[in-house]
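# Coordinates in review
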Amino acid sequence: AHEHSHYASRFASRLHSQVGSKAPSSHASRRISAHAHGHPNGVGHHEVEDHHISHDEIQTSPERHPDEPSDLKKLLRLPTYFFFNISCFPAFWTAGAFNYFAPNFMQEIFGISSSNANFILAGETIFSGIFAVMLGPYFLDRMLAEKIKTNPEEEYIRRIRCEYAMYLCFIAFLGSFAFGLPGVLIDNVWVFIAGSLMYLCFYNFSAALQTVSTLNSVPQELQNLAMGVNVTTANLGMLISPFVFGVMSDSLGYVFSMGFAFFALLFSVFFSFLGYICSRNPKMSASAAICAYLKRESHEDDPLIQIDHAEIRKAHTFNRENSSMKDIAKGAK
């Protein structure tokens, strides 16, 4: 019994030093040791060894495991988030080129005045920004309604929400490419107006879904960093594209340059599809990542803790057998 109590005390000490919290009271330590004998209230058949943790042991306990990767590396190792984050770069690349040079494109190619070109594009932007943005979350909620009723567990809902949001983003990027590219390649003003309107609708359709996909593809403790990395990646594409498009349009012309800008959407389609495939695999979901990255918190990878758990189970078995023998002896007496 003394040996089992000693293992329980070692378990309490190692657990405390890993978490790095305040030193537990001697009463709490006695409760852990006594629990090894099957008495959660702290009363055992045998004398329980008290255990105290020194101040030096508390101060030297690390907050982060030395082998644990940084938060940024954790994000980059999440396949769903990694592929989706890459897909946002070409999508915003195209948006930056279109927003800055679409009025000039209409003036140079179709001979439309500057005021009329700006009026048409402003109307398309307002319409798509108001209605298309709301359609994305609406369709996502409709798709999730039945799934939530059948399985209301939060981890399952997060994984399914990420999967469906990724799927809708893939459809949005595909629609942007399918309508935007013919609009700039076909020499017809009405085809361009219709194609640009559909492009803006699909682009804004994915706006809210991109946030949903980001937040549900990473563990909750990394959500803020994930949003920052995603916004930086997307804005980087929008920042670089006007400069590159300006240089290309001066040397190669507006049609080729705008077609090249929309052709980049194929990369968004490809990488968003890879992100959707990864989101369908439960082993690659944020729930699996939470279990992997919080392994340190549960001490599942600590050999000492595993040994102590085994010893505590032995102590429970020993105590039950001992109690049974005492009950038999008492009944016989």
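Residues numbered from 1 in each chain as written. Predicted model: local features only at pLDDT ≥ 70, side-chain atom pairs only at ≥ 80, totals over all residues. Heavy atoms only, no water.

With 37 residues, helix H6 (residues 114-150) should reach 54 Å at 1.5 Å per residue; the first-to-last C-alpha distance of 55 Å fits that figure. Its axis deflected by about 35 degrees at Leu144, H6 carries its strongest bend there. Burial in H6 covers these residues: Ala117, Leu121, Glu124, Ser128, Ala132, Gly136, Leu140 and Leu144. Turning to H6, the residues buried within the fold contact helix H5 (79-110), helix H7 (154-185), helix H8 (189-205) and helix H9 (207-216). (Helix = DSSP H or I, 4+ residues; strand = E, 2+ residues; numbered from the N terminus. Expected span 1.5 Å × (residues − 1). Bend = angle between axes of the 7 residues up to and from the residue. Buried < 20%, exposed > 50% of the residue type's maximum accessible area, 1.4 Å probe, protein only. Contact = heavy atoms within 4.5 Å.)

Before going further, it helps to spend a moment on the packing of H7 against helix H11 (residues 254-263). H11 packs onto H7 with a crossing angle of 175 degrees between their chain directions and a minimal axis gap of 9 Å. In terms of axis orientation, H7 runs roughly antiparallel to H11. Taking contact as the criterion, the partners of Ser176, Phe177, Gly180, Leu181, Val184 and Leu185 in H7 are, on H11, Val255, Met258, Gly259, Phe262 and Phe263. Its residues assigned to classes, the contact of H7 with H11 shows 8 nonpolar, 3 polar and no charged. (Axes fitted to C-alpha atoms, helices over the stretch in contact; angles between N-to-C directions. Parallel < 35°, antiparallel > 145°, perpendicular 65-115°, else oblique. Nonpolar A, V, L, I, M, F, W, Y, C, P; charged D, E, K, R; others polar.)

Okay, the packing of helix H10 (residues 223-252) against H11 next. Their axes nearest at 7 Å, the elements H10 and H11 cross at an angle of 145 degrees. Seen from H10, the contacting residues are Phe245, Met248, Ser249 and Leu252; seen from H11, they are Tyr254, Phe256, Ser257, Met258, Phe260 and Ala261. Looking at the contact of H10 with H11, its residues break down into 8 nonpolar, 2 polar and no charged.

Right, let's talk about the nonpolar core for a bit. Counting 47 residues, the largest nonpolar core has Phe98, Met106, Tyr199 and Phe262 as the members making the most contacts within it. At the level of secondary structure, the elements contributing two or more residues to this core comprise H5, H6, H7, H8, H10, H11 and helix H12 (265-279). Take this core: its biggest share by element is 14 residues, from H7. Ignoring anything within four residues of it in the chain, the contact list for Phe262 reads Thr94, Phe98, Ser176, Phe177, Gly180, Leu181, Val184 and Tyr199. (Core = buried A, V, L, I, M, F, W, Y, C linked by side-chain atoms within 4.5 Å.)

The next subject is the side chain of Ser257. Mapped onto the elements of the fold, Ser257 is located in helix H11. Sequence-distant contacts of Ser257, defined by excluding residues within four places in its chain, comprise Phe245, Met248, Ser249 and Leu252.

What follows covers the pattern of salt bridges. Within this structure, the stated rule accounts for 1 salt bridge. A salt bridge links Glu163 to Arg280, with the nearest nitrogen and oxygen atoms 3.0 Å apart. Of this pair, Glu163 sits in helix H7 while Arg280 sits in the loop between H12 and helix H13 (286-293), and the two are 117 residues apart along the sequence. (Salt bridge = Lys/Arg side-chain N within 4 Å of Asp/Glu carboxyl O.)

A word on a nonpolar patch on the surface. Taken together, Ile109, Leu185, Ile186, Val191 and Val255 make up a surface patch of nonpolar side chains, about 350 Å² in accessible area. For Ile109, the location among the structural elements is in helix H5. (Patch = residues over 30% accessible without salt bridge, like charges linked within 9 Å, V, L, I, M, F, W, Y side chains within 5 Å. Areas by Shrake-Rupley, 256 points an atom, 1.4 Å probe, with all protein chains shown as cover.)

The next subject is the packing of aromatic side chains. In the structure shown here, the tally under the stated rule is 20 aromatic pairs. With centroids separated by 6.2 Å and ring planes inclined at 55 degrees, the aromatic side chains of Phe139 and Phe205 adopt a geometry described as tilted. Of the two residues, Phe139 sits in helix H6 while Phe205 sits in helix H8, which places them 66 residues apart along the sequence. You can call Phe139 partly exposed: its relative accessible area is 40%. Geometrically, the ring pair formed by Phe179 and Phe202 is stacked, given 5.7 Å between the ring centres and 15 degrees between the ring planes. One end of the pair, Phe179, is in helix H7; the other, Phe202, is in helix H8, and 23 residues separate them in sequence. By relative accessible area, Phe179 is classed as partly exposed at 38%. In this structure an aromatic cluster arises from ring pairing among Phe92, Phe98, Tyr199, Tyr203 and Phe262. (Phe/Tyr/Trp six-rings, centres within 6.5 Å; stacked < 30°, edge-to-face > 60°.)

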